[in-house]
Amino acid sequence: MSVMIERLEGMVNRYHEITDLMMMPEITSDNKQLAKLGREQAELTQVVEAYTEYKQTAEALEQAKALLSEDDKELREMAKMEIEELEPKQEQLLARLEILLIPKDPNDSHNAFLEIRGAAGGDEGNIFAGDLYRMYTKYAESKGWRVETIEMDESEAGGFSLVSCKISGDGVYGRLKFESGSHRVQRVPKTESQGRIHTSTATVLVTPEVEAEEFDIDMNDLEIETMRASGAGGQHINKTDSAVRIIHKPTGIVVKCQDGRSQHENRATALMTIRSRVYEEHQRKLEEEQGMERRSKIGTGDRAEKIRTYNYPQNRVTDHRIGFTIQQLDRVMEGRMDDILDALVQADQQAKLAGEK
């Protein structure tokens, strides 16, 4: 307990230190440094608030216990009632602090890149990829996040063989990082005339936006090409070489961006995206070399890992990693994903807590 209190006091001190730093002229004139300190302080806020409440509760409990030795019977009864109320509250706050002290992924507060590909099932896999894209964009809208399309390869039957975007907002990556993997759908396809239920899949990849100072890419490792954009996008399409494709030669990772209004804009977006993808691959290899579990006890990042099934006939969604099932598929596909995402975050926290203990 003393180690925990020591950590909490250190975090409170850091919180106040950041407040002082953010008032210094050399910091206020540096937007990047100011934003970085702001993110760090925002992450500390919950801990500081919970710890302050815990200390106030502990103090009130101590005072109530001291009243038990008073001669006044009515005062002792009031003290007992207060103790009965404060003890459970103190336990709840302590449990909350334990979870808040679990080491956080530093990327949780970052924006994210989302990529969805139609996989098994041909046209139906592409149609399902389109349904997933709509689900995520609706969820993003409900959170007030901004979605910017990077690449979109439309399928003739509907949906996409590939669609990618950047989602910007508060804590996007921390909220969506467990979505990476293979998503399976069970339904009667729009392309099926016999009315039989088919199983198709689409793969999802979520990576954090990584700043240049956080992870540097050797520009000599990149092959940058320009080409004419194709598909929807405006009058400039097919008239200028505005689309940009970047290949990271050591890993073979390819990123294409064509949705921006200029080659310069597409190049900047493609560079951000490929930095994110290469960073993710770098982390995966590092963890493999160190014999660590992938990202968390739940697991993220492996496209082959079947993580979730969307069963249309039974209006059911099941996340196989945590055994979570909800009979509200229609609501989930409209972007109401919080129940699933909350369950994943809580399972991850409990697994990490059990690991620490």
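What counts and how
Starting afresh in each chain, residues are numbered from 1 along the sequence in its written order. Local features in this predicted model are restricted to residues of pLDDT 70 or higher, and side-chain atom pairs are both shown and tallied only at a pLDDT of 80 or more, whereas totals for entire chains, interfaces and linings draw on every residue. The basis for every side-chain value is the complete set of non-hydrogen atoms in the structure, without hydrogens or water. Strands were regarded as paired on the criterion that DSSP finds at least two bridges between them. Labels follow the DSSP assignment, with helices taken as runs of H or I lasting at least four residues and strands as runs of E lasting at least two, numbered in each case from the N terminus. Orientation is described by lines fitted to C-alpha atoms, with helices fitted over the stretch in contact, and by angles between N-to-C directions that extend from 0 to 180 degrees. Here, nonpolar core means buried Ala, Val, Leu, Ile, Met, Phe, Trp, Tyr and Cys residues that are tied together by side-chain atoms lying within 4.5 Å of each other. The rule is simple: take the accessible area with a 1.4 Å probe, protein chains only, and divide by the maximum for that residue type; under 20% is buried, over 50% is exposed, in between is partly exposed. Any two residues whose heavy atoms approach within 4.5 Å at even a single point are treated as in contact. By definition here, a salt bridge exists when the distance from a side-chain nitrogen of Lys or Arg to a carboxyl oxygen of Asp or Glu is within 4 Å. As a per-residue measure, pLDDT reflects the predictor's confidence and takes values from 0 up to 100. Between 30 and 60 degrees the pair is tilted, below 30 it is stacked and above 60 it is edge-to-face, where a pair is any two Phe, Tyr or Trp rings, Trp via its six-membered ring, whose centres lie within 6.5 Å. Here, over-ring charges are defined by two tests on the NZ atom of lysine or the CZ atom of arginine: distance to the ring centre within 6 Å, and angle to the ring normal within 35 degrees. UniProt positions are given in the numbering used here, feature names are shortened, and annotations may be inferred rather than shown by experiment.

Draft legend 1. Main features of the sheet that holds strand 2 (residues 146-154). A sheet is described by the order of its strands in space; here eight strands give the open sequence 2-3-1-5-4-9-10-11, paired in mixed fashion. Strands with a single pairing partner mark the edges of an open sheet, and in this sheet they are strand 2 and strand 11 (324-326). When strand polarity is set aside, the average angle formed by the axes of neighbouring strands in this sheet is 15 degrees. The sheet contact formed by strand 2 and strand 3 (residues 160-168) spans eight bridges and is antiparallel. Opposite Asp-153, over in strand 3, you have Leu-162 as the bridge partner.

Draft legend 2. Seen up close, the nonpolar core. Core analysis: the biggest nonpolar cluster contains 34 residues, and Ile-116, Leu-132 and Tyr-310 have the highest contact counts within it. Elements with a contribution of two residues or more to this core: strand 1 (112-118), helix 5 (123-143), strand 3, helix 6 (172-176), strand 5 (198-208), helix 8 (329-332) and helix 9 (338-356). Considering every element that reaches this core, the biggest residue donor is helix 5, with eight residues. Ignoring anything within four residues of it in the chain, the contact list for Ile-116 reads Ala-129, Leu-132, Tyr-133, Tyr-136, Ser-161, Leu-162, Val-163, Ala-202, Thr-203 and Val-204. Ranked by size, the runner-up nonpolar core spans 17 residues in total, among them Val-12, Ala-50, Tyr-51 and Leu-101.

Draft legend 3. Molecular detail of the pairing of strand 3. In terms of burial, strand 3 is a largely internal element, eight of the nine residues being buried. Where strand 1 meets strand 3, six bridges bridge the pair, whose relative direction is antiparallel. Paired with Ile-116 across the strands is Val-163, a residue of strand 3. Linking two consecutive strands that pair antiparallel, namely strand 2 and strand 3, is a turn of five residues; a positive phi of about 120 degrees is found at Gly-158 within it.

Draft legend 4. Fine view of the sheet that holds strand 8 (residues 253-257). One open sheet holds the three strands; their spatial order is 6-7-8, and the pairing between them is antiparallel. Edge positions in the sheet fall to strand 6 (222-227) and strand 8, since each has one partner strand and no second. Geometrically, the sheet is characterised by an average inter-axis angle of 15 degrees between neighbouring strands, direction not taken into account. Both strand 7 (residues 243-248) and strand 8 contribute to a ladder of five bridges, which runs antiparallel.

Draft legend 5. Region of interest: the pattern of salt bridges. According to the stated counting rule, one finds 22 salt bridges in the structure shown. Arg-117 serves as the salt-bridge partner of Glu-115, at 2.9 Å between the closest nitrogen and oxygen. The buried category is assigned to Glu-115, whose relative accessible area is 9%. Here Arg-117 falls in the partly exposed class, since its relative accessible area comes to 32%. The residue Glu-209 makes a salt bridge to Lys-166 at a minimum N-O spacing of 3.1 Å. Pair noted here: Glu-209 is in the loop between strand 5 and strand 6 and Lys-166 is in strand 3, with a separation of 43 residues, a long-range link. Of the two residues, Glu-209 and Lys-166, neither departs from the other in class, the shared state being buried. If you follow the salt bridges from partner to partner, you end up with Lys-143, Arg-175, Asp-338 and Asp-342 in one network.

Draft legend 6. Structural context of the confidence of the model for the protein. When pLDDT is averaged along the protein, the result is 84; 88% of the residues meet or exceed 70. Here residues 232-239 scores under 50 on pLDDT; set against residues more than four positions off or in separate chains, the count is 13 contacts.

Draft legend 7. View of the packing of aromatic side chains. A complete count under the given rule lists three aromatic pairs for this structure. A ring pair is formed by Tyr-133 and Phe-160, whose centres lie 5.8 Å apart and whose planes are at 80 degrees; its orientation type is edge-to-face. On the criterion of sequence distance, the pair formed by Tyr-133 in helix 5 and Phe-160 in strand 3 is long-range, its members being 27 residues apart. Take Tyr-133 and Phe-160: they sit in the same class, and that class is buried. On the basis of an interplanar angle of 80 degrees and a centroid distance of 5.7 Å, the ring pair of Tyr-139 and Trp-145 is categorised as edge-to-face. The buried category is assigned to Trp-145, whose relative accessible area is 11%. We note Arg-187 situated over the ring of Tyr-312; from NZ or CZ to the ring centre the distance is 4.8 Å.

Draft legend 8. Highlighting the UniProt feature "coiled-coil region" (unreviewed entry) in the protein. UniProt's feature table lists "coiled-coil region" (unreviewed entry) at residues 44-81, given in the numbering used throughout. Annotated as 84% helix and 0% strand, the span residues 44-81 places its first and last C-alpha atoms 33 Å apart.

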